[in-house]
Amino acid sequence: MTEPRSDSAVPAFWRALGLPGIIDVHVHFMPQRLMSAVWEYFAEAGPLIGTEWPIRYRDSEEERLAFLRGLGVRAFTSLVYPHRPGMAESLNEWAAGFAARVPECVQTATFFPEPGVEEYVRRALDAGARLFKVHLQVGGFDPRVKELDPVWGLLADAGVPTLVHAGSGPVANGYTGPEPFGDVLARHPRLNTIIAHLGAPEFDGFFAMADRYDRVHLDTTMTFTHFGELGAFPSRLMPRLRELGLEGRILLGTDFPNIPYQYAHQLEALAGLDLGDDWLRTVCWHGPAKYFGLS
């Protein structure tokens, strides 16, 4: 498989695999005021980043949508997340409205440990949310707190997945790493989960989690790229990466638009692993399509 070295080469990449496009499970769309604040934080290399992280695609919402469509990204998420109490429900309302007007968008929602969280998560589910985003690093909260236990149970019963940034990359806090979220899964083993960034840099711990719980998936976001701030993937896990990918449990994610390189570089990095065309087809299309019930 020829590795796409520029964004203009992305359509040729998926066509050569015999695919109708690609599906990206880790994309951020937010209210523009919040999106701009996130970009400014990245530009300042704040304490949750720890390094320079220039955003390549600081474009308008319409330009970003047109860009993804032009690449052939047939479905994507609009991941939102709060960094303090009182934000989550309004973000959920915005995300529902965004998905209603953007047919390619998988409707997302989020939550925070605060009074009323179970009720507004239930409302988001009733409104059609198909994926929840939890960012333990930015949110700075313990996923094991009592306010969230009924939420995890509700999501496990509903079968609606949660995409969790639980790894310590790029900067750790007291609630990142395999143990805190691992305790949640031990209590709710049926929880449908996507671990962001393959769990970087604690790859071993999160891959062990995937071995233990068959509803744990992992996304590829920023891993294997030349931006090495999340840590190097250990070669000893490559056979398991291939097996999980062919099982449909490794899902394409990019972190668009909050990336410091071309979108194509994530695909180039995955193709460069030389895990086979069947692996790429499953990671880039068949796995996420089945996961979200997309045709």
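What you are looking at is a predicted structure, and each value in this text was computed from that prediction instead of being measured.

Moving on, we come to the environment of Leu-79. Here Leu-79 is to be found in the loop between strand S2 (73–77) and helix H4 (88–101). Residues Leu-79 and His-28 lie 51 residues apart in sequence; the distance between their C-alpha atoms is 4.7 Å. Leaving out residues up to four positions away in the same chain, Leu-79 has contacts with Val-25, His-26, Val-27, His-28, Phe-29, Met-30, Thr-108, Leu-131, Lys-133 and Leu-163.

Looking now at the sheet that holds strand S1 (residues 22–24). The strand order across the open sheet built from three strands is S1-S2-S3, with neighbouring strands paired in parallel fashion. Among the strands making up the open sheet, the edge pair consists of S1 and strand S3 (105–106). Here two bridges tie S2 to S3, and the two strands are oriented parallel to one another. Within S3, the residue paired with Thr-77 across the bridge is Val-106.

Turning next to the sheet that holds strand S5 (residues 131–135). Taken together, six strands build an open sheet; the order of strands is S4-S5-S6-S7-S8-S9 and the sheet is parallel. Edge positions in the open sheet fall to strand S4 (108–110) and strand S9 (250–251), since each of these has one partner strand only. Of the pairings in the sheet, the one linking strand S8 (residues 216–219) to S9 comprises two bridges and is parallel in character. The residue bridging Leu-218 from the neighbouring strand is Ile-250, located in S9.

Judged by nonpolar contacts, the single largest core of 96 residues is most densely connected at Phe-111, Val-121, Phe-132 and Phe-181. Tallying contributions element by element places helix H12 (residues 277–292) first for this core, with six residues. Setting aside its immediate chain neighbours within four residues, Phe-132 contacts Ala-109, Thr-110, Phe-111, Val-121, Ala-124, Leu-125, Leu-155, Val-160, Pro-161, Thr-162 and Leu-163.

All right, on to the packing of aromatic side chains then. What the rule picks out here adds up to 18 aromatic pairs. A centroid spacing of 5.8 Å and a plane angle of 35 degrees characterise the contact between Phe-29 and Phe-76, whose relative ring orientation is tilted. Here Phe-29, found in the loop between S1 and helix H2 (32–43), pairs with Phe-76, found in strand S2; they are 47 residues apart in sequence, far enough to count as distant. The residues Phe-29 and Phe-76 share a single accessibility class, namely buried. The interplanar angle of 70 degrees and the centroid separation of 5.1 Å between the aromatic rings of Phe-42 and Trp-53 together place this pair among those described as edge-to-face. Of this pair, Phe-42 sits in helix H2 while Trp-53 is found in the loop between H2 and helix H3 (61–71), placing the two residues 11 residues apart along the sequence. Take Phe-42: its relative accessible area is 13%, and that puts it in the buried class.

Taken as a whole, the largest pocket holds about 430 Å³ of empty space. For the lining of the largest pocket, the elements supplying multiple residues, two or more each, are H2, S5 and helix H6 (136–139). Broken down by element, the lining of the largest pocket gets its largest block of residues, five residues, from H2. Counted by class, the lining of the largest pocket contains 13 nonpolar, nine polar and two charged residues.

The rules we used
- Residues numbered from 1 in each chain as written.
- Predicted model: local features only at pLDDT ≥ 70, side-chain atom pairs only at ≥ 80, totals over all residues.
- Heavy atoms only, no water.
- Helix = DSSP H or I, 4+ residues; strand = E, 2+ residues; numbered from the N terminus.
- Contact = heavy atoms within 4.5 Å.
- Pairing = 2+ DSSP bridges.
- Core = buried A, V, L, I, M, F, W, Y, C linked by side-chain atoms within 4.5 Å.
- Buried < 20%, exposed > 50% of the residue type's maximum accessible area, 1.4 Å probe, protein only.
- Phe/Tyr/Trp six-rings, centres within 6.5 Å; stacked < 30°, edge-to-face > 60°.
- 1 Å grid on protein atoms, 1.4 Å probe; cavity = no way out; pocket = protein on both sides within 12 Å on 5 of 7 lines; lining within 4 Å.
- Points joined across faces, edges and corners; volume = space filled by probe spheres on them.
- Nonpolar A, V, L, I, M, F, W, Y, C, P; charged D, E, K, R; others polar.

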